[in-house]
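Below are the chains, spelled out letter by letter.
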Amino acid sequence: MAALALLVSGCAVGPTYQRPTTPDSAAFKEAGDWIPAVPADALERGPWWSLFKDPVLDQLASRVEVSNQNVAIAVGAYAQARALVREQRASLFPSVTLNGGATRSRSSGNVTTGVAGRTGNNYQVSLGGSWEPDVWGRLGRAVDSANAGAAASAADLASAKLSAQGELAVNYFSLRQTDAQKALLDKTIEGFTRALEITQNRYTAGIAAKTDVLQAQTQLANGKADQLGLERSRAQFEHAIAVLVGEVPANFSLPALASWTPVVPQVPVGVPSTLLQRRPDIAAAERRVASANEQIGIAKSAYYPSISLNASTGSGASRVADLFKAASSVWSLGLSAAQLIFDAGATSARVEGAEAGNAQAVARYRQTVLAAFQDVEDQLSATRVLQSQQELRRQASESADLVEQQVLNRYKSGQVGYTEVITAQATALSARRALIQALADRQTTAVALIQSLGGGWQPAP
């Protein structure tokens, strides 16, 4: 019977899985000639954040994988999925049970016949086994479905790590940008203070009007108010970083750097088809399609009879000492089969439901791929534009600095009013802050591009 079951075990029902087709292109539209279109092997040589050459960021990012609670949730989900695989795989093997029991009973006597009642003991012990051969592939498909689910959970874990690490990098760079903005504003306020002193002296000497002093005071007060706003933003970024590395904000701090020299790495970009292997969210969506495909076969197996093999051996006796004597032993072998005759269409409904679920999974997979292509194109476009913007911001800042100095000199000599000084100083400050913002935007866009390319993650075979 076992040989017969193995012989027909190749009769698995249901569709054979094939990876769904997805839209593709030979190259990214926004890549252009500004970045080499080579395989992104640089991202595989170590943690991707090391491309930014910031030792503080390196130290913080290494803590995310260990201490971040969102990552810990994904780790638990992956462990749960692996346990489900082991549970499903166990169903392919026979189950063995050992049973034992003891009873004491008494039969009533018969007064008419004079037969007295009897009291007796009965002891039983048996070893039994059962096995459901996977004739129609239901159990095997359940194992394959669980394996696909575990692979999807592994990809989800990689996505959680990549998301947390990317969020950390963006918050860290934003904090450093805030430090740079504050250092710039501190220096600018020193200039505003000197300008107020000059204006006050000119007013005392009767050269300048009172309105010049009031304008200088207003500008200085606004600058100090901006300082406080930067302090608030920095505190929020620092608190966010603390949570990302699994610490209470009260116990975490990052000192400001004396100078900030941002590094914007040249992120290598491969052909679009590499996204199908490099992005964990795409891998997770594809594995869920495979799992949904197996559910169709599991549902269709209900159309066919279920077969099981049973065997047992044991003994029964009135005394424990007689349990293991040959005269008291019994054994049995059995084959059973059951075929569903009528269920009012429940099985066909389950099959249709599984097929619909598979169609949904395929659509989600293709949508994930399309969104990934869009994400990369967006970041490539942003990277190209921001690189050009930074150079223009630098030119604007240098020109505004010269204008500010010239207008202040002309004011000292009485050639222009203080309103022109205020305008020149505000323009120069805005240009300097815009330059710092452009540098920070290039860094955060590089992080987003690395994330859109899948970071340094590679799926298991």
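Bear in mind the structure is a predicted one, so any value in this text is a computation, not a measurement. (Residues numbered from 1 in each chain as written. Predicted model: local features only at pLDDT ≥ 70, side-chain atom pairs only at ≥ 80, totals over all residues. Heavy atoms only, no water.)

S.K.: Pulling in residues and values, what's your account of the nonpolar core?
M.R.: Ranked by internal contacts, the top residues of the largest apolar core, which has 46 residues, are Phe 28, Trp 48, Phe 52, Leu 60, Leu 168, Ile 241 and Leu 275. Contributions of two or more residues to this core are made by helix H2 (55-67), helix H3 (69-90), helix H4 (138-204), helix H5 (210-244), helix H7 (280-300), helix H8 (346-412) and helix H9 (418-452). If one sorts the elements of this core by residue count, H4 sits on top with nine residues. Those residues in contact with Leu 168, other than ones at most four positions away along the chain, are Leu 60, Ala 61, Val 64, Ile 241, Leu 244 and Val 245. Listed in part, the 25 residues of the second largest apolar core include Ala 216, Val 416, Ile 422 and Leu 429. (Core = buried A, V, L, I, M, F, W, Y, C linked by side-chain atoms within 4.5 Å. Buried < 20%, exposed > 50% of the residue type's maximum accessible area, 1.4 Å probe, protein only. Helix = DSSP H or I, 4+ residues; strand = E, 2+ residues; numbered from the N terminus. Contact = heavy atoms within 4.5 Å.)

S.K.: Could you give me a rundown of the packing of aromatic side chains, with the residues and numbers involved?
M.R.: Enumeration over the complete set of coordinates arrives at five aromatic pairs. With a centroid separation of 5.6 Å and an interplanar angle of 75°, the aromatic rings of Trp 48 and Trp 49 are classed as edge-to-face. With respect to burial, Trp 48 and Trp 49 carry one shared label: buried. A connected cluster of aromatic rings, assembled from ring pairs, spans Phe 52, Tyr 172 and Phe 173. Sitting above the plane of the Tyr 411 ring, Arg 202 keeps its charged end 4.5 Å from the centroid. (Phe/Tyr/Trp six-rings, centres within 6.5 Å; stacked < 30°, edge-to-face > 60°. Lys NZ or Arg CZ within 6 Å of the ring centre and 35° of its normal.)

S.K.: Quick one: what's the story with the pattern of salt bridges, residue by residue and with numbers?
M.R.: What the rule picks out here adds up to 19 salt bridges. As a salt-bridge pair, Arg 63 and Glu 247 come within 2.1 Å of each other at their nearest N and O atoms. Taken together, the residues span a long stretch of sequence, with Arg 63 in helix H2 and Glu 247 in the loop between H5 and helix H6 (275-278) at a distance of 184 residues. The exposure class of Glu 247 is partly exposed, given its relative accessible area of 25%. Put simply, Arg 279 and Asp 281 hold a salt bridge, and the shortest N to O gap is 2.8 Å. When its relative accessible area of 9% is taken as the criterion, Arg 279 is described as buried. Taken together, the salt bridges that share partners define one network made up of Arg 176, Asp 179, Arg 234 and Glu 238. (Salt bridge = Lys/Arg side-chain N within 4 Å of Asp/Glu carboxyl O.)

S.K.: Would you mind going over the packing of H5 against H9 in detail, with residue names and values included?
M.R.: Where H5 meets H9, the axes come as close as 9 Å, and the angle between the chain directions of the two elements is 15°. Taken together, the axes of H5 and H9 are roughly parallel relative to one another. In this structure, H5 meets H9 at a crossing whose hand is right-handed. Touching Asp 212, Gln 215, Ala 216, Gln 219, Asp 226 and Leu 230 of H5 are Tyr 418, Thr 419, Ile 422, Gln 425, Ala 426 and Arg 433, all from H9. For the contact of H5 with H9, the per-class residue count stands at five nonpolar, four polar and three charged. (Axes fitted to C-alpha atoms, helices over the stretch in contact; angles between N-to-C directions. Parallel < 35°, antiparallel > 145°, perpendicular 65-115°, else oblique. Left-handed = near helix turned anticlockwise from the far one by under 90°. Nonpolar A, V, L, I, M, F, W, Y, C, P; charged D, E, K, R; others polar.)

S.K.: Account for H3, naming residues and giving values.
M.R.: The end-to-end C-alpha distance of H3, which contains 22 residues, comes to 32 Å, matching closely the 32 Å that a straight helix rising 1.5 Å per residue would cover. For H3, the set of buried residues is Val 71, Ala 74, Ala 81 and Val 85. One face of H3 carries all of its buried residues, which in axial projection span an arc of 75°. In H3, the exposed positions that point more than 90 degrees away from the buried face belong to Gln 69, Ile 73, Gln 80, Arg 86 and Glu 87. As for H3, its buried residues are in contact with H2 and H4. (Expected span 1.5 Å × (residues − 1). Arc of directions from axis to C-beta.)

S.K.: Let's hear about the pairing of strand E3 (residues 306-317): which residues, and what values?
M.R.: One face of the sheet, then the other: side chains in a regular strand alternate in exactly this way. As judged from the nine bridges shared by strand E2 (residues 118-131) and E3, these two strands associate in the antiparallel manner. Following the sheet pairing, Tyr 123 is matched in E3 by Ala 317. Bridge analysis of E3 against strand E4 (residues 329-338) gives ten bridges, and the strand direction is antiparallel. From the neighbouring strand, Ala 311 faces E4, where its bridge partner is Leu 333. (Pairing = 2+ DSSP bridges.)

S.K.: Break down unusual backbone geometry for me, with residues and values.
M.R.: With a phi angle near 55°, Lys 53 is a residue other than glycine that sits in the positive phi range. Along the chain, the position of Lys 53 falls in the loop between helix H1 (2-7) and H2. Phi angles above zero are rare outside glycine, and Ala 344 is one such case at about 60°. By the secondary structure assignment, Ala 344 is in the loop between E4 and H8.

S.K.: Tell me about the sheet that holds E2, residues and numbers included.
M.R.: Here four strands make up an open sheet; going across it, the order is E1-E2-E3-E4 and the pairing antiparallel. Strands with a single pairing partner mark the edges of an open sheet, and in this sheet they are strand E1 (95-107) and E4. Strand-to-strand, the axes of this sheet are offset by a mean angle of 20°, without reference to chain direction.

S.K.: Please give an account of the confidence of the model for the protein that cites residues and values.
M.R.: Residues of the protein with pLDDT of at least 70 account for 90%, and the chain-wide mean is 86. Averaged over each element, pLDDT in the protein is lowest for H1 (49) and highest for H5 (94). Taken together, the stretch residues 4-8 has pLDDT below 50 and engages in four contacts with residues farther than four places along the chain or on a different chain. Overall, residues 34-42 carries pLDDT values under 50, and its contacts beyond four positions in sequence, including any with other chains, amount to 19 contacts. (pLDDT = per-residue confidence, 0-100.)

S.K.: Account for the side chain of Gln 227, with residues named and values stated.
M.R.: On the secondary structure map, Gln 227 appears in helix H5. Classification of Gln 227 by relative accessible area gives buried; the value is 17%.

S.K.: With reference to specific residues and values, describe a nonpolar patch on the surface.
M.R.: The grouping of Val 96, Leu 98 and Leu 127 at the surface amounts to a nonpolar patch, some 320 Å² of accessible area in total. Topologically, Leu 127 is positioned in strand E2. (Patch = residues over 30% accessible without salt bridge, like charges linked within 9 Å, V, L, I, M, F, W, Y side chains within 5 Å. Areas by Shrake-Rupley, 256 points an atom, 1.4 Å probe, with all protein chains shown as cover.)

S.K.: Before we move on, can you summarise the packing of H7 against H8 with the specific residues and values?
M.R.: Between H7 and H8, the least distance of the axes is 8 Å, while the angle of their chain directions is 165°. Looking at the two axes, H7 sits roughly antiparallel to H8. Here the hand of the crossing between H7 and H8 comes out left-handed. Its residues assigned to classes, the contact of H7 with H8 shows 13 nonpolar, six polar and six charged.

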